[in-house]
Amino acid sequence: MITGRKVLLLNASYEPLSLVTAPKALTLVWRRVAETLEFDKGVQIRSPRFVFDAPSVIRLTHYIDVRSRQNRVTNRHRIFSRDHYRCQYCGRRGTAFDLTLDHILPRSRGGRTLAENLVTACKACNNRKSDRTPEEARMPLLTNPAALYYGLERAAWRDAARSRPEWRKYLFLEYVEQNNDAAMTA
Ligand SMILES: [Zn+2]
């Protein structure tokens, strides 16, 4: 079903920003907030009166500041999903009801509420770690912390790009590396 198809949204500078649904993408194009760069070949969106070629890649007509977007509080379910609903300290699987989010660098030490500073933790590990770093608590992360810097959106893009060859040229690696450096020095 077309409503499940994702569209790659680029900033005016061509930097990838996020994935949006096809209807959302069409709305942005319709309102001239974005323009279509690539179409989803052979896929059409039908309304009672119109038939549209579905977009695959769209670009904002005006640049938006990515830094302020990154400061949004991150949705906990997306972090759980990134971590496969597994405590990143002891490996125990859980559900949204018994898992918590742990700040890798504690908030009391200046740790920020960003995807790359949050991991899934069971309540026992979260209590045990308390206001310490993983090193101080001798609780190493199961996931290579560097992988967390890739962030949620980027992990989703790479998965999605496997079936969307028209996206690849917009998801060039230089951007990811440059952005990681920025995240680590922030
Ligand atoms: Zn645990």
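Residues numbered from 1 in each chain as written. Predicted model: local features only at pLDDT ≥ 70, side-chain atom pairs only at ≥ 80, totals over all residues. Heavy atoms only, no water.

A. Representation of the packing of aromatic side chains within the structure. In the structure shown here, the tally under the stated rule is three aromatic pairs. Ring centres 6.2 Å apart and planes at 85° place the aromatic pair Trp30 and Phe52 in the edge-to-face group. Taken together, the residues span a long stretch of sequence, with Trp30 in helix α1 (residues 22–30) and Phe52 in strand β4 (residues 51–60) at a distance of 22 residues. Centroid distance Phe50 to Phe52: 5.9 Å. Interplanar angle 35°. Geometry classified as tilted. Its relative accessible area of 40% is what places Phe50 among the partly exposed residues. With a relative accessible area of 25%, Phe52 lands in the partly exposed category. Here the aromatic cluster, defined as three or more aromatic residues joined through ring pairs, consists of Trp30, Phe50 and Phe52. (Phe/Tyr/Trp six-rings, centres within 6.5 Å; stacked < 30°, edge-to-face > 60°. Helix = DSSP H or I, 4+ residues; strand = E, 2+ residues; numbered from the N terminus. Buried < 20%, exposed > 50% of the residue type's maximum accessible area, 1.4 Å probe, protein only.)

B. Highlighting the sheet that holds strand β3 (residues 34–46). The strand order across the open sheet built from four strands is β2-β1-β4-β3, with neighbouring strands paired in mixed fashion. Sheet topology places β2 (16–21) and β3 at the edges, where each strand pairs with a single neighbour. Strand-to-strand, the axes of this sheet are offset by a mean angle of 30°, without reference to chain direction. One ladder, built from eight bridges, connects β3 with β4; its direction is antiparallel. If you follow Gln44 over to β4, its bridge partner there is Asp53. (Pairing = 2+ DSSP bridges. Axes fitted to C-alpha atoms, helices over the stretch in contact; angles between N-to-C directions.)

C. How the structure looks around the nonpolar core. Val7, Leu9 and Ile58 are the most contacted members of the largest nonpolar core, which has 13 residues in total. Of the residues forming this core, the biggest block, four residues, is contributed by α1. If near-sequence neighbours (up to four positions away) are discounted, Ile58 is found in contact with Val7, Leu8, Leu9, Leu10, Ala25, Leu28, Val29, Ala34, Glu35, Thr36 and Leu37. Counting residues in each nonpolar core, the second largest holds 10 residues, with Ile104, Ala121, Cys125 and Ala137 among its members. (Core = buried A, V, L, I, M, F, W, Y, C linked by side-chain atoms within 4.5 Å. Contact = heavy atoms within 4.5 Å.)

D. Structural detail: the coordination of the zinc ion. Around the zinc ion, the protein supplies Cys87 (SG), Cys90 (SG), Cys122 (SG) and Cys125 (SG) as donor atoms, at distances of 2.3 Å. Considering all four donor atoms around the zinc ion, angles at the metal cover 101 to 115° and the coordination shape is tetrahedral. Of note, the donors binding the zinc ion are all from one chain and are spaced C-x2-C-x31-C-x2-C. You can see Cys87 sitting in the loop between α3 (76–82) and β5 (99–103) and its partner Cys125 sitting in helix α4 (residues 123–129), a full 38 residues away along the chain. The exposure class of Cys87 is buried, given its relative accessible area of 0%. We classify Cys125 as buried; its relative accessible area is 5%. (Donors = N, O, S within 2.8 Å, 3.2 Å for Na, K, Ca; no water. Tetrahedral: all angles 85-135°; square planar, octahedral: opposite > 155°, others 65-115°.)

E. Molecular detail of the confidence of the model for the chain. Looking at the chain as a whole, the pLDDT averages 81, with 79% of positions reaching at least 70. Confidence scores differ between elements of the chain, with helix α8 (residues 173–185) showing the lowest mean pLDDT of 43 and α4 the highest of 96. In the model, residues 173–186 has pLDDT below 50 throughout and makes 16 contacts with residues more than four positions away in sequence or in other chains. (pLDDT = per-residue confidence, 0-100.)

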